[in-house]
Amino acid sequence: MTSTSERAPRADARFFPGWIVVGAAFVLLMANSGFIFYGQAVYLDALTDERGFSTGAASLGQSLVFVVGGLVGPRVGKLITDRDVRVVVLGGLVTSWVAVVLLGRVEELWQLYAVNVLLGVGFSAAGLVPATTVVTRWFETRRSVALAIASTGLSVGGLTFTQLVAWWIRRDGLELATPWLVVVWAACTLPVVPLLWPTPEHRGVLASGAVAGSVAMGVAYEIAVRSRFFTMVTAGYVLVLGMQVGGITHLVKLGNERAGDGTGGQLIAGLTIASVVARLIGGVVADKQPLVRLAVGFAATQALALALLSQVESGLLLVLCAVLFGATIGNILMLQPLLFADAMGARDYARIFALNQLIVVAGVALGPFLLGALHDAASYRLSYLVGAVLCALGTVLLSRAGSTQAARAELDTQRPVQG
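Calculation notes
- Residues numbered from 1 in each chain as written.
- Predicted model: local features only at pLDDT ≥ 70, side-chain atom pairs only at ≥ 80, totals over all residues.
- Heavy atoms only, no water.
- Helix = DSSP H or I, 4+ residues; strand = E, 2+ residues; numbered from the N terminus.
- Rg over C-alpha atoms; globule rule 2.2 N^0.38 Å.
- Contact = heavy atoms within 4.5 Å.
- Areas by Shrake-Rupley, 256 points an atom, 1.4 Å probe, with all protein chains shown as cover.
- Lys, Arg positive; Asp, Glu negative; His and termini not counted.
- Charge placed at Lys NZ, Arg CZ, Asp CG, Glu CD.
- Core = buried A, V, L, I, M, F, W, Y, C linked by side-chain atoms within 4.5 Å.
- Buried < 20%, exposed > 50% of the residue type's maximum accessible area, 1.4 Å probe, protein only.
- Salt bridge = Lys/Arg side-chain N within 4 Å of Asp/Glu carboxyl O.
- Axes fitted to C-alpha atoms, helices over the stretch in contact; angles between N-to-C directions.
- Parallel < 35°, antiparallel > 145°, perpendicular 65-115°, else oblique.
- Left-handed = near helix turned anticlockwise from the far one by under 90°.
- Phe/Tyr/Trp six-rings, centres within 6.5 Å; stacked < 30°, edge-to-face > 60°.
- Lys NZ or Arg CZ within 6 Å of the ring centre and 35° of its normal.
- Expected span 1.5 Å × (residues − 1).
- Nonpolar A, V, L, I, M, F, W, Y, C, P; charged D, E, K, R; others polar.
- Patch = residues over 30% accessible without salt bridge, like charges linked within 9 Å, V, L, I, M, F, W, Y side chains within 5 Å.
- Polar contact = N/O pair within 3.5 Å; in protein donor to acceptor, adjacent residues only side chain to side chain.
- pLDDT = per-residue confidence, 0-100.

Quick look at the overall build of the protein chain now. When its secondary structure is counted, the protein chain shows 18 helices and 0 strands. Here the protein chain has a C-alpha radius of gyration of 20 Å; the compact-globule value for 419 residues is 22 Å, and the two agree. Principal axes of the C-alpha set define a box for the protein chain whose edges measure 65 × 45 × 35 Å. Contacts spanning at least 24 positions in sequence make up 85% of the contacts within the protein chain whose residues lie at least 6 apart. For the protein chain, the computed accessible surface area is about 15,200 Å², with 65% contributed by carbon and sulfur atoms. When the 28 positive and 23 negative side-chain charges of the protein chain are each reduced to one mean point, those points stand 8 Å apart.

See the structure below:
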């Protein structure tokens, strides 16, 4: 990080404030995921049932959330580089709350699309880019463990808040449930926003593993985004993450169609439990194993899970497939920021990761819409099978990135001298 006083407490002191930041990021991502990311599956089911929108049309609207989130991501990255991240996060939360309340009142497709544009802005400003940037700044060592814990909030959100969303909408309907969901959302996140201290300097300490007088290490943005590593990881994630989001978005509807009402909720529960457990294990493993190799393994397993979901019919088998799917989801999401942090450092991480998010949003937007359109044209059997094939292609691209160590060594030769 930037140079600090020689008298600053060491990061290995008995109590390290960085873990408070990790906890705050955990809660922020838990809400962002539960009410928006995983919540899209519940909103899709409610919008098609209560408002009569076709699956394809509603899926296109939900794709806008991720499109807009990606488009505003670079701006978010620039803002949190120049300003206090807490101000940006608070603005994102307020925007999300307004959008969710309005979502319960949409009657026309244009209204749904307009609301989802607003929701996409909030999703980006209070989501992965600010949360992972802050954690990356606080940890030079044990970064994979810190990011694993923080990003586990994504899975816990699906297990807790998404279940709350499903229960409340099922009981009261979309319009009556959404204001109360926002109240819960605000009550959980407002207390932790002040704890997202932008840098260790704000608390008078060094980053974990940093040495007094050290400077921020990392590759310049202009060099990083032209590298083979950035290109191949980003291309792979376009397909891998796009099919992941598509599969999640349609999971509730798939389960309810094949095995009856209530099955979709069981699939989400199984998926999120598996994601939580597997992500925590993956965070420990990632501290000791090649990161790209892990990402390729999880992406290949995700392709297999999507292929199985395309075929099975019984409730029990669907749940087992969802568990397999969930075991890959958390780790793929955790590894995405970790790959760039490990290969390129903290210096321009926010801008590098935000550009990755902008490009990957093409796949994230394609996933829900493609699977929804194929469902309307044929069935979920075809749509999930196509998703599996595209995910497998993304796995091949990801495997071509090389290791983070090799990327770091190559980029080090192009890194300007830092003063």
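Now, onward.
This part takes up the nonpolar core. Soluble globular proteins tend to pack their nonpolar side chains together in the buried interior. Of all hydrophobic cores here, the largest spans 138 residues; its most connected members are Phe229, Tyr237, Leu335, Phe340 and Met344. It is helix 15 (residues 315–344) that provides the largest number of residues to this core, a total of 15 residues. Residues within four places of Phe229 in sequence aside, it is in contact with Val292, Leu339, Phe340, Ala343, Met344, Ala401, Gly402, Ser403, Thr404 and Ala407.

Under the defined criterion, the tally for this structure stands at 6 salt bridges. Between Lys78 and Asp82 there is a salt bridge; the shortest N-O distance is 2.4 Å. On the criterion of helical spacing, the pair formed by Lys78 and Asp82 is a turn pair, its members being 4 residues apart in helix 3 (residues 55–82). The shortest N-O distance in the salt bridge between Arg86 and Asp84 comes to 2.7 Å. Relative accessible area serves as the criterion here: at 24%, Asp84 is assigned to the partly exposed category.

What follows deals with the packing of helix 1 (residues 18–37) against helix 6 (residues 128–138). Between helix 1 and helix 6, the least distance of the axes is 10 Å, while the angle of their chain directions is 165°. What the angle tells us is that helix 1 and helix 6 run roughly antiparallel. Regarding helix 1 and helix 6, the two cross each other, and that crossing is left-handed. Across the interface between the two elements, Gly18, Val21, Val22, Ala25, Leu28 and Leu29 of helix 1 pack against Leu128, Ala131, Val134, Val135 and Trp138 of helix 6.

Here the focus is the packing of aromatic side chains. Counted by the stated rule, this structure contains 14 aromatic pairs. Measuring from ring centre to ring centre gives 5.3 Å for Phe37 and Tyr38, while their planes differ by 80°; the resulting arrangement is edge-to-face. On the basis of relative accessible area, Tyr38 is assigned to the buried category, the value being 0%. Feature note: the residues Phe16, Trp19, Trp138, Phe139 and Trp197 constitute an aromatic cluster, connected by ring pairs. Positioned above the aromatic ring of Trp197, the side-chain terminus of Arg203 is 4.2 Å from the ring centre.

Taking 1.5 Å of rise per residue, the 17 residues of helix 7 (residues 143–159) would be expected to cover 24 Å, and the 25 Å separating its terminal C-alpha atoms lies within 8% of that figure. Counting buried positions along helix 7 yields 15 of 17 residues, so the element is predominantly enclosed.

Turning our eyes to something else, we now look at helix 14 (residues 291–311). In this model helix 14 runs 31 Å from its N-terminal to its C-terminal C-alpha over 21 residues, within 8% of the 30 Å that 1.5 Å per residue would give. Regarding helix 14, the residues found buried are Leu291, Val292, Leu294, Ala295, Val296, Ala299, Gln302, Ala303, Ala305, Leu306, Leu309 and Ser310. Contact partners of the buried residues in helix 14: helix 11 (228–249), helix 12 (251–259), helix 13 (263–286), helix 15, helix 17 (380–399) and helix 18 (404–412).

The subject of this paragraph is the packing of helix 11 against helix 15. Packing of helix 11 against helix 15 brings their axes to within 11 Å, and their N-to-C directions diverge by 155°. Looking at the two axes, helix 11 sits roughly antiparallel to helix 15. Judged by the twist between their axes, the crossing of helix 11 over helix 15 is left-handed. For the pair helix 11 and helix 15, contact is made by Phe229, Phe230, Val233, Thr234, Tyr237, Val240, Leu241, Gln244, Gly247 and Ile248 and by Phe325, Ile329, Ile332, Leu333, Leu335, Gln336, Leu339, Phe340, Ala343 and Met344, respectively. Taken together, the residues of the contact of helix 11 with helix 15 sort by class into 16 nonpolar, 4 polar and no charged.

Right, let's get into a nonpolar patch on the surface. A grouping of Leu90, Val94, Val98, Leu102 and Leu190 is seen on the molecular surface, where their side chains present a nonpolar patch of about 380 Å² in accessible area. Inspection of the secondary structure puts Leu190 in the loop between helix 9 (174–189) and helix 10 (221–224). Owing to a relative accessible area of 41%, Leu190 belongs among the partly exposed residues under this scheme.

By the element assignment, Thr132 lies in helix 6. Polar contacts involving the side chain of Thr132 include one to the side chain of Tyr349, which spans 2.8 Å.

This next bit is on the confidence of the model for the protein chain. Within the protein chain, residue pLDDT values average 85, and 93% of them lie at 70 or more. Element-level pLDDT for the protein chain is lowest in helix 18, with a mean of 80, against a maximum mean of 96 in helix 4 (residues 85–103). Residue range residues 1–13 is modelled with pLDDT below 50. Its contacts to residues more than four positions away, or to other chains, number 34 contacts.

Within the secondary structure, Val101 is located in helix 4. Once the C-alpha coordinates of Val101 and Leu398 are considered, the two residues, 297 residues apart in sequence, prove to be 39 Å apart. Setting aside chain neighbours within four positions, we find Val101 in contact with Thr178, Pro179 and Val182.

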